[in-house]
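# Remarks on the overall topology
Chain by chain, the residues run as shown.
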Amino acid sequence: MAGLSDSSAQSFDRHFPAKKVVRVNSEEDVLTHLARSSNLSMRRLPWGRKNIGVGLLKAFRSNALIEIHEDLDTEDHLESKSGHLVVCEAGEDISEIIAATYAYALGAGIKIIPQVDESFSGRLLERFYSLYESVGDTKPRSDYLHDIQDEMRSLCGDIDTSVNTSLTIISKELPFGLAFPEVPSTHLFSYPDLGLAVANGFAAEQARTRGTNVALLIDPEQTEAPEIQTISQSLAKRKAFVRGYSGKGASVRAVSDAVELFPYDLLVFATHCGDATGYRWTYEFRDSEGYDRRLVVDIALGVGKTHQKDILDVVQYMRFHELDGVDWTDPEKEKKVHIGNAIRDFTDRYRSDDSFKPTKKEQIDRVLGSAALRMYDNNYLAIQTSLANNGTPIVINNACGSWHRLASDFVFAGCRAYIGTMFPITTSEAHDVLSNVFGKQWGKVLPHALWAAQNSVYRDSVRRPYVATGVYCAKIRITPENIPLTLVERLLDGQSAATRMQQRAKSEANGFLERRASDALEFYKREIAGIVKRYGLTN
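Residues numbered from 1 in each chain as written. Predicted model: local features only at pLDDT ≥ 70, side-chain atom pairs only at ≥ 80, totals over all residues. Heavy atoms only, no water.

## Description of a nonpolar patch on the surface
Together, Val22, Val24 and Val30 give the surface a local cluster of nonpolar side chains, amounting to about 200 Å² of exposed area. Residue placement: Val30 occurs in helix 2 (residues 27–38). (Patch = residues over 30% accessible without salt bridge, like charges linked within 9 Å, V, L, I, M, F, W, Y side chains within 5 Å. Areas by Shrake-Rupley, 256 points an atom, 1.4 Å probe, with all protein chains shown as cover. Salt bridge = Lys/Arg side-chain N within 4 Å of Asp/Glu carboxyl O. Helix = DSSP H or I, 4+ residues; strand = E, 2+ residues; numbered from the N terminus.)

Given below as structure tokens:
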């Protein structure tokens with residue numbers, strides 16, 4: 001915990017065993033302590049600036065200290081000891097460091113692949129999501145899938161899947177595992193919060209930890225979803241607690257509250273997902289550098305009822321479309337337009353200046369990347385800050401194109417594993433794949449279970465719509481527990497946090513935050529009373 005003040009360090013001391021806390025004042029102190037406490041040799045492993053993840057994994061394996069030199073050539077890979085390979089996209093040194101520790105924990109090898117240009121990866125992803133939108137194009141979709149698969153595979157270089165029998169892909173955006181359908185794979189986002197995602201995933205799979213004992217199943221009945229009944233029966237048979245929101249009960253308001261506040265371990269959506277219709281707004285302003293700017297943004301809205309009469313809860317998704325006549329997705333935009341402080345200045349004014357209005361508004365058929373989930377009454381824009389009463393659940397989004405944006409958003413909000421799709425799926429596919437995961441493949445780690453289920457459904461077809469996200473060891477499992485009592489305890493914790501938020505909001509005269517806290521307290525009160533009554537618990 002470098003950089004902490006003495007008072008802050010002392011406040012941490014009481015939370016750790018005394019023999020585990022060591023104060024150091026210099027690099028030499030650190031080296032001396034490591035050598036004494038872990039039998040770490042003082043041998044140094046010389047390594048260059050590139051492929052730091054490979055060097056660090058080598059140092060871990062040889063029990064040595066890595067020593068960085070500016071002019072040394074480095075290798076871009078290290079063989080696996082377990083058959084698992086971690087493939088990490090370059091560009092974020094801290095991600096390579098986390099990838100090395102992750103690989104070491106799994107006995108895996110590591111390979112660093114070149115960084116992919118952001119605009120190129122965006123266009124490649126868009127080809128996935130718009131795969132079935134072409135009109136009048138007679139080329140088989142399978143040919144397009146093969147083309148995309150080949151492009152992604154070429155970006156990874158030489159990966160021998162006869163030796164490396166499972167993969168973890170760590171990248172900024174692209175799920176490279178789709179290019180290797182012959183082996184199970186999972187994906188982790190290199191930025192942001194890679195370390196937190198890995199920690200959440202590993203923590204949940206430690207010995208004697210509780211399993212995915214509480215499930216939340218959401219079916220707004222906007223599309224046929226026979227898999228919900230199959231999953232419910234599978235979980236109930238194994239004595240999980242299953243809470244369902246269906247039909248009118250799956251409103252935007254009810255689902256928003258449950259997704260954020262109910263302490264579940266597993267969340268399954270079965271509904272339509274797609275980019276919503278919306279608006280294109282044009283803003284004209286002078287930025288802090290004195291430039292006159294013209295910024296065009298696309299807006300999608302999600303609207304839900306609140307407990308207050310005549311007040312709606314509105315969630316807004318915004319996407320930059322164009323700056324000073326240059327498309328925001330243009331790979332050459334920085335050469336064509338001076339960006340400078342334009343975006344930062346716009347964001348500051350948009351958030352703080354009520355008089356800052358668009359000069360032009362128009363409706364558009366699609367807000368790219370909005371990925372709205374259709375509830376019974378309206379679109380649910382899942383732009384989360386927390387999940388499951390500040391938990392780390394597994395999320396399965398069994399909807400068309402549901403990996404787009406939602407995978408990274410849900411992981412950022414704290415979920416430890418996420419399954420979504422890259423392009424449209426049929427009702428039978430949605431049922432057959434998940435029925436297999438919750439049936440024949442039960443007990444396997446989630447990436448392997450999903451891979452085996454897709455093999456069973458799609459056989460030799462190139463079509464593999466589902467992508468797993470999260471650590472490779474993530475698993476759906478049920479453990480013995482007094483589930484109603486645990487639920488009440490976790491709801492009471494949430495109630496205490498909401499009470500503190502309400503008190504803070506009142507002291508700050510923050511009306512919005514106070515309403516949020518009040519709504520949360522109403523939710524906790526209702527849920528606690530219902531569970532206590534149904535299961536005969538005593539206060």
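This is not the end of the story, as more comes after the structure.
## Here we look at the pairing of strand 13 (residues 292–305)
Both strand 12 (residues 278–286) and strand 13 contribute to a ladder of eight bridges, which runs antiparallel. Counterpart to Glu284 in the pairing with strand 13 is Arg294. Linkage of strand 12 to strand 13, two consecutive antiparallel strands, is achieved through a turn of five residues, within which Gly290 is found at a positive phi near 90°. (Pairing = 2+ DSSP bridges.)

## Here's the deal with the layout of surface pockets
In this structure, the largest pocket spans a volume of roughly 1,700 Å³. Taken together, 39 residues form the lining of the largest pocket, with Glu118, Glu173, Tyr317, His404 and Arg405 sitting closest to its centre. Put simply, the parts of the chain that give the lining of the largest pocket at least two residues each are helix 5 (118–129), strand 14 (312–323), helix 10 (333–336) and helix 12 (406–413). The element that contributes the greatest number of residues to the lining of the largest pocket is helix 5, accounting for seven residues. (1 Å grid on protein atoms, 1.4 Å probe; cavity = no way out; pocket = protein on both sides within 12 Å on 5 of 7 lines; lining within 4 Å. Points joined across faces, edges and corners; volume = space filled by probe spheres on them.)

## A few points about the pattern of salt bridges
Within this structure, the stated rule accounts for 30 salt bridges. A salt bridge links Asp324 to Arg293; its shortest N-O distance comes to 2.9 Å. Separated by 31 residues along the polypeptide, Asp324 in the loop between strand 14 and strand 15 (326–327) and Arg293 in strand 13 bring together distant segments of the chain. The exposure class of Arg293 is buried, given its relative accessible area of 4%. (Buried < 20%, exposed > 50% of the residue type's maximum accessible area, 1.4 Å probe, protein only.)

## Some words on the side chain of Glu96
As for its position among the elements, Glu96 is in helix 4 (residues 93–106). Nearest to the buried, unbridged Glu96 among oppositely charged side chains is Lys50, at 10 Å. Among residues more than four places away in sequence, those in contact with Glu96 are Asn51, Ile52, Gly53, Cys88, Ala90 and Ile112. (Lys, Arg positive; Asp, Glu negative; His and termini not counted. Contact = heavy atoms within 4.5 Å.)

## Some remarks on the packing of helix 8 (residues 226–237) against helix 13 (residues 427–437)
Describing two packed helices takes the angle between their axes plus the distance from one axis to the other. Here helix 8 crosses helix 13 at 15°, and the two axes come no closer than 8 Å. Classified by the angle their axes make, helix 8 and helix 13 are roughly parallel. Regarding helix 8 and helix 13, the two cross each other, and that crossing is right-handed. Contacts between helix 8 and helix 13 involve Pro226, Glu227, Thr230 and Ile231 from the former and Thr427, Ala430, His431, Leu434 and Ser435 from the latter. Its residues placed into classes, the contact of helix 8 with helix 13 shows four nonpolar, four polar and one charged. (Axes fitted to C-alpha atoms, helices over the stretch in contact; angles between N-to-C directions. Parallel < 35°, antiparallel > 145°, perpendicular 65-115°, else oblique. Left-handed = near helix turned anticlockwise from the far one by under 90°. Nonpolar A, V, L, I, M, F, W, Y, C, P; charged D, E, K, R; others polar.)

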